[in-house]
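These are the residues of each chain, in order.
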Amino acid sequence: MMQKIYDWIDERVDITPLWRDIADHEVPEHVNPAHHFSAFVYCFGGLTFFVTVIQVLSGMFLTMYYVPDIENAWRSVYYLQTEVAHGQIVRGMHHWGASVVIVMLFLHTLRVFFQGAYKKPRELNWMVGVLIFFVMLGLGLTGYLLPWDNKAYFATLVTLEIAEGVPFIGEATKTLLAGDPEIVGAQTLTRFFAIHVFFLPAALFGLMAAHFIMIRKQGISGPL
Amino acid sequence: MKKGKGMQFVGDSRITADKKKFIPKDYSEYPGKTEAFWPNFLLKEWLVGAVFLVGFLCLTIAHPAPLEGPADPTDAAYLPLPDWYFLFLYQLLKYQFAGGDFFVLGAIVIPGLAFGGLFLAPFLDKGSNRRPVKRPITTSLMILGVISVFWLTYEAAAHVDWEAKAAANKPIPPGSIQVDTESDGYAVYEANSCIQCHGGNLEGASGPSLIGIDYSVDEIKDIAVNGIGDMPAGQFDGTEEELQQLAEFIVAENEDH
């Protein structure tokens, strides 16, 4: 049955080359932990992707309950945490995933750095990877405000003060993020929500696509 | 590889006339045994992912995501802290050479150089050597950076009493506390100045909330008379019997909520 569906589609759009590009390749021995246990360092990138998938899925479910509004944001999170079946687990996955993804990114960056895997021809992919790191930090920063509890509010206040202190563009940046030159309130929450849920994920998906296409194109770096 | 406008195509724009491509070294040229990605290697990755997921779920079940009370901009005593992975940047601004008058140095120049250097690493370290020991400057800069980040994070986190911070900021929905205003203890609470700082429903005002505290009757009696932290001594002005009623009332309300 599956084969028939596959053949039906393949006959019309020729998906076999696509499939070959994604899945049909050999994994060399030096990255395979089954042969050398120390090759587990090559798992960090894949685990980063895995946690990112967890973040995307848990985040999608969180928005089913979350209300980005200063009156209801905290109440909706509290409700999710205390009343909704498994709400605590889903929010816990998103909360801890945000930390774990930073840890995994950090380890993956160190692996690539110390192995010198960013050298020619992989310079572009390294830069895309560093941009993914920045986007992830931005996601952590904006997501931290969303529960609208005291730690979120005051941490954001400090962040915006730091942004404001930047010469020349500081005040404009603060206004862009907070929605007002002075007030940190309703506008700030909706802007952080929009950045966290739409802008940065869009950038992240684009960068991740570029990252993976380049890995398939260039192959993994050879043994040291 | 020939690129750009000078590229020649054989009628079909997908196929270049000049078939010279950058082709990475074939994996079969690497030493040792290769393994098919699909399905052999992917199955192993799947298993690693499953083990990882079990550990991750254990973490989320053992430690529910923290939530503090709703944002209260009037809470001037609140100690603001960013999430842990920003603590090192935050800590840097506390040093004299990187904060205050030198804010631009600590907020932009130092992090800018560090992260800019990371971003441009392939162009700063252009040699063909990949082994860390063969490129000592690059390696030592990275080790220095990692040590600095760990040290700054430790310095920022070590001086915070995280448990006291969490205990003082329990999530209590606004308007959800309804204490027994008919009790004798509440009359004492009202008659003394407690209500001014701790609120009509023990929810806290300029003073902390009295809901969610972990004190015995005797300890509360002692605090009411002798004060604690920012609370001065001599706030309680009544008989021993009233003091007992007050303390029992506060403990009873804590047991209810």
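Residues numbered from 1 in each chain as written. Chains lettered and ligands numbered in written order. Predicted model: local features only at pLDDT ≥ 70, side-chain atom pairs only at ≥ 80, totals over all residues. Heavy atoms only, no water.

I'm lost on the packing of aromatic side chains in this one. Help?
Both the distance between ring centres and the angle between the ring planes are used here to describe each pair of aromatic rings. Under the criterion given, the structure shown has 25 aromatic pairs over all chains. Relative to Phe44(A), the ring of Phe40(A) lies with its centre 6.2 Å away and its plane at 85°, an arrangement referred to as edge-to-face. Geometrically, the ring pair formed by Trp84(B) and Tyr85(B) is edge-to-face, given 5.2 Å between the ring centres and 85° between the ring planes. When its relative accessible area of 5% is taken as the criterion, Tyr85(B) is described as buried. Put simply, the rings of Phe113(A), Phe114(A), Tyr118(A) and Trp126(A) touch in pairs and so form one group of aromatic residues. A cation over a ring is seen here: Arg12(A) above Trp8(A), with NZ or CZ 3.8 Å from the ring centre. The lysine or arginine in question, Arg135(B), covers the ring of Phe113(A), its NZ or CZ lying 5.9 Å from the ring centre. (Phe/Tyr/Trp six-rings, centres within 6.5 Å; stacked < 30°, edge-to-face > 60°. Buried < 20%, exposed > 50% of the residue type's maximum accessible area, 1.4 Å probe, protein only. Lys NZ or Arg CZ within 6 Å of the ring centre and 35° of its normal.)

Honestly, the nonpolar core in this entry has me stumped. Any pointers?
In a soluble, globular protein the nonpolar side chains are often hidden away together inside. Counting residues in hydrophobic clusters, the biggest one holds 27 residues, and the most contacted among them are Ile132(A), Met136(A) and Leu204(A). Counting only elements with at least two residues in this core, the list comes to helix 3 (43-62), helix 5 (87-114), helix 6 (123-145) and helix 9 (186-218) of chain A together with helix 1 (37-62) of chain B. Other than its neighbours up to four places away in sequence, Leu204(A) contacts Thr52(A), Ile132(A), Val135(A), Met136(A) and Leu139(A). (Core = buried A, V, L, I, M, F, W, Y, C linked by side-chain atoms within 4.5 Å. Helix = DSSP H or I, 4+ residues; strand = E, 2+ residues; numbered from the N terminus. Contact = heavy atoms within 4.5 Å.)

What should I look at first to understand the side chain of His196(A) in this one?
Along the polypeptide, His196(A) turns up in helix 9. Sequence-distant contacts of His196(A), defined by excluding residues within four places in its chain, comprise His94(A), Leu139(A), Thr142(A), Gly143(A), Leu146(A) and Pro201(A).

I would appreciate a short explanation of the environment of Ala152(A) in the present structure.
Residues and elements named next belong to chain A. Of note, Ala 152 is situated in helix 7 (residues 150-164). Judged by relative accessible area, which is 0%, Ala 152 ranks as buried. Spatially, the C-alpha atom of Ala 152 lies 12 Å from that of Ala 73, the residues being 79 residues apart in sequence. Ignoring sequence-local partners within four residues, the contact set of Ala 152 consists of Tyr 144 and Leu 145.

Could you clarify how one ought to interpret the pattern of salt bridges in this entry?
Should the charged atoms of two oppositely charged side chains come close, the side chains can pair. Counted by the stated rule, this structure contains eight salt bridges over all chains. Taking the shortest distance from any N to any O, the salt bridge between Asp24(A) and Arg20(A) comes out at 2.6 Å. Here Glu240(B) ties to Lys221(B) by a salt bridge, and the two come within 3.6 Å at their closest N and O atoms. In this pair, Glu240(B) is assigned in helix 10 (residues 240-256) and Lys221(B) in helix 9 (residues 217-226), connecting sequence segments 19 residues apart. In this structure Glu240(B) comes out as exposed when scored by relative accessible area, which is 53%. Since its relative accessible area comes to 14%, Lys221(B) is described here as buried. What emerges from the salt-bridge pattern is a single network uniting Lys119(A), Asp125(B) and Arg135(B). (Salt bridge = Lys/Arg side-chain N within 4 Å of Asp/Glu carboxyl O.)

Teacher, can you tell me more about unusual backbone geometry here?
Trans peptide bonds make up the majority, and among non-glycine residues the majority have a negative phi. Omega for the bond connecting Lys120(A) with Pro121(A) falls within 30 degrees of zero, at 5°, which places this linkage in the cis form. Among the secondary structure elements, Pro121(A) is positioned in the loop between helix 5 and helix 6. Trp38(B) connects to Pro39(B) through a cis peptide bond whose omega is -5°. One non-glycine residue, Asp14(A), adopts positive backbone phi at about 55°. With respect to the secondary-structure elements, Asp14(A) resides in the loop between helix 1 (2-13) and helix 2 (16-23). Of note in this structure, Trp148(A) is not a glycine but carries a positive phi near 55°. Looking at Trp148(A), the relative accessible area reads 6%, which means it is buried.

Looking at this model, I keep getting lost on the domain arrangement of chain B. Mind explaining?
Often, the extent of an interface is quoted as the loss of accessible area on bringing the components together. Each domain of chain B was delimited in the assignment, giving domain 1 (77-160) and domain 2 (184-256). The C-alpha centroid of domain 2 of chain B is placed 47 Å from the C-alpha centroid of domain 1 of chain B. (Domains from an automatic or database assignment.)

Got a minute to help me understand the packing of helix 3 of chain A against helix 5 of chain A in this structure?
Helix packing for two helices is described by the angle between their axes and how far apart those axes are. All names here are of chain A. Axis separation between helix 3 and helix 5 bottoms out at 8 Å; the angle between their running directions is 155°. One way to sum up the angle between helix 3 and helix 5 is to call them roughly antiparallel. The handedness of the crossing between helix 3 and helix 5 comes out as left-handed. Where helix 3 approaches helix 5, its residues Phe 44, Gly 45, Leu 47, Thr 48, Val 51, Thr 52, Ile 54, Gln 55, Ser 58, Gly 59, Phe 61 and Leu 62 are matched on the opposing element by Val 90, Arg 91, Met 93, His 94, Gly 97, Ala 98, Val 100, Val 101, Met 104, Leu 105, Leu 107 and His 108. In terms of residue class, the contact of helix 3 with helix 5 is made up of 14 nonpolar, nine polar and one charged. (Axes fitted to C-alpha atoms, helices over the stretch in contact; angles between N-to-C directions. Parallel < 35°, antiparallel > 145°, perpendicular 65-115°, else oblique. Left-handed = near helix turned anticlockwise from the far one by under 90°. Nonpolar A, V, L, I, M, F, W, Y, C, P; charged D, E, K, R; others polar.)

Whenever I open this one, empty space enclosed by the protein confuses me. Can you help?
Taking a probe equal in size to a water molecule and rolling it over the atoms shows the remaining empty space. Applying the stated criterion to the full structure yields one cavity of 30 Å³ or more. In this structure, the largest cavity encloses a volume near 70 Å³. As for the largest cavity, its lining consists of Gly140(A), Leu141(A), Tyr144(A), Ala155(A), Thr156(A), Thr159(A), Phe192(A), Pro82(B), Asp83(B) and Phe86(B). If you list the elements that add at least two residues to the lining of the largest cavity, you get helix 6 and helix 7 of chain A. (1 Å grid on protein atoms, 1.4 Å probe; cavity = no way out; pocket = protein on both sides within 12 Å on 5 of 7 lines; lining within 4 Å. Points joined across faces, edges and corners; volume = space filled by probe spheres on them.)

Help me understand a negative patch on the surface, please; the structure alone is not making it clear to me.
Residues and elements named next belong to chain B. On the surface, a cluster of negative charge is made up of Asp 184, Asp 237, Glu 241 and Glu 242. Tracing the sequence through the fold places Asp 184 in helix 7 (residues 184-191). Judged by its relative accessible area of 52%, Asp 184 is exposed. (Patch = residues over 30% accessible without salt bridge, like charges linked within 9 Å, V, L, I, M, F, W, Y side chains within 5 Å. Areas by Shrake-Rupley, 256 points an atom, 1.4 Å probe, with all protein chains shown as cover. Lys, Arg positive; Asp, Glu negative; His and termini not counted. Charge placed at Lys NZ, Arg CZ, Asp CG, Glu CD.)

What is the right way to read the interface of chain B and chain A from this model?
Chain B puts 74 residues into the contact, and the matching count from chain A is 78 residues. Linking chain B with chain A are one salt bridge, by the criterion used here. A salt bridge links Asp125(B) to Lys119(A); its shortest N-O distance comes to 3.0 Å. Across the contact surface, chain B and chain A share 30 residue pairs in polar contact (both at pLDDT 80 or more). Among the secondary structure elements, those contributing two or more residues to the side of chain B that touches chain A are strand 3 (35-36), helix 1, helix 3 (103-119), helix 4 (121-124) and helix 5 (136-158) of chain B. Sort the elements by how many residues they give to the side of chain B that touches chain A and helix 1 of chain B lands first, with twelve residues. In terms of residue class, the side of chain B that touches chain A is made up of 51 nonpolar, eleven polar and twelve charged. (Polar contact = N/O pair within 3.5 Å; in protein donor to acceptor, adjacent residues only side chain to side chain.)

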